[in-house]
Amino acid sequence: MNVQWYPGHMTKARRQMQEDIKLIDLIIELVDARVPLSSRNPDIDELGKNKSRLILLNKADLADERQNEAWKEYFQKKGYFVVKVDSRSGSGMKMIQNVIQEACKEKIERDRRRGIKNRPIRAMVVGIPNVGKSTFINTFAGKACAKTGNKPGVTKGKQWIRLNKGVELLDTPGILWPKFEDQEVGIRLAYIGSIKDDVLNMEELSLSLIDYLRIKYQGVLEKRYGIPEEGTSLEVMEAIARARGCLKKGEELDYGKTAGILFDDFRSGRLGRITLEWVE
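Since this is a predicted model, take the numbers as computed values, not measurements.

Tell me what's going on with the nonpolar core, and back it up with residues and numbers.
The tendency in soluble globular proteins is for nonpolar side chains to be buried side by side. Counting residues in each nonpolar core, the largest one holds 57 residues, and the members touching the most others are Ile28, Ile96, Phe136, Leu169 and Leu221. Not counting chain neighbours up to four residues away, the residues in contact with Phe136 comprise Ile28, Leu30, Leu56, Ser87, Met93, Ile96 and Val125. Val31, Ala63, Phe75 and Tyr80 belong to the second-largest nonpolar core, a separate cluster that totals 10 residues.

Which residues make up the sheet that holds strand E6 (residues 167-171), and what are the values?
Each strand in a sheet pairs with its neighbour through backbone hydrogen bonds, running either in the same direction (parallel) or in the opposite one (antiparallel). Sheet architecture is open: 6 strands sit in the order E3-E2-E1-E4-E6-E5, paired in mixed fashion. For this open sheet the edge positions go to strand E3 (81-84) and strand E5 (159-162), each flanked by a neighbour on one side alone. Neighbour-to-neighbour, the strand axes of this sheet turn through a mean angle of 25°, independent of strand direction. Direction of pairing for strand E4 (residues 121-126) relative to E6: parallel, over a ladder of 5 bridges. Bridge pairing links Val125 to Asp171 in E6. Contacts between helix H6 (residues 133-141) and the sheet are confined to strand E1 (26-32), strand E2 (52-58), E4, E5 and E6, with E6 contributing the most and set at about 160° to the helix.

Any chance you could break down the pattern of salt bridges for me, citing the residues and the numbers?
Taken as a whole, this structure holds 27 salt bridges when the rule is applied. Linked by salt bridges that have partners in common, Asp25, Lys107, Asp111 and Arg119 make up one network.

Any chance you could break down the packing of helix H7 (residues 183-192) against helix H11 (residues 255-268) for me, citing the residues and the numbers?
Packing of H7 against H11 leaves a shortest axis separation of 9 Å and a crossing angle of 85°. It follows from the interaxial angle that H7 and H11 lie roughly perpendicular. Contact residues: H7 offers Ala190, Tyr191 and Ile192, while H11 offers Phe263, Phe266 and Arg267. Tallied by class, residues from the contact of H7 with H11 come to 5 nonpolar, no polar and 1 charged.

Conventions adopted
- Residues numbered from 1 in each chain as written.
- Predicted model: local features only at pLDDT ≥ 70, side-chain atom pairs only at ≥ 80, totals over all residues.
- Heavy atoms only, no water.
- Core = buried A, V, L, I, M, F, W, Y, C linked by side-chain atoms within 4.5 Å.
- Buried < 20%, exposed > 50% of the residue type's maximum accessible area, 1.4 Å probe, protein only.
- Contact = heavy atoms within 4.5 Å.
- Pairing = 2+ DSSP bridges.
- Helix = DSSP H or I, 4+ residues; strand = E, 2+ residues; numbered from the N terminus.
- Axes fitted to C-alpha atoms, helices over the stretch in contact; angles between N-to-C directions.
- Salt bridge = Lys/Arg side-chain N within 4 Å of Asp/Glu carboxyl O.
- Parallel < 35°, antiparallel > 145°, perpendicular 65-115°, else oblique.
- Nonpolar A, V, L, I, M, F, W, Y, C, P; charged D, E, K, R; others polar.

This is the structure:
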């Protein structure tokens, strides 16, 4: 399966970020805790050279907790500040303010030496589509100041948000990169909804998700749908279709509807806490 999605507005957004980076003290990068590497835009490291860096493992409540800890350690070893958060419930959010101060300690100290007081830390919030940037900003700020949506591509332009006297955030649109060198990355991003479903073959994608779950998380499909997990991935998908009454006229199985149910259950966490990328 070949997965690519790079709408025109993303090129413009990347150019804008290159301009804005000069104004920034800190980059706050949201990644999806279920795919911490695949959900990182490689362009961000290039854009953010010489800037303080904070990675938020967002949607940590949907990911395997042992892997959350392993990924936190992995990024910390590479020199990033890291916080596990769930922007929707607010879990982990209280820690962020202190970590921002810690990450920008040198800048604050430099300002103090120059006699500059109370200049706010300016942070750019970055991440790929549908990783939860707007929800994070709204929760962090305590008010609905950024548009939110559960479809990729809701934030189109930039906006500054004053959080308090100490921190200003620059919200940016979610951007991918022009070409996925590794198709596995594209497939993982398709699983979590960072690529629009309507440009994908969701039925084919379902079969590969079933294969992954049977290898790494044995028993979750059986528990959720009351079906045996033996046989081919197609046989398992057909069993889910029958268990959920996904039928067209007559007894023909509706694979499209079945794929929709499977992905809805996975993305919402109803299948349990699942991580798609493990620390090696």
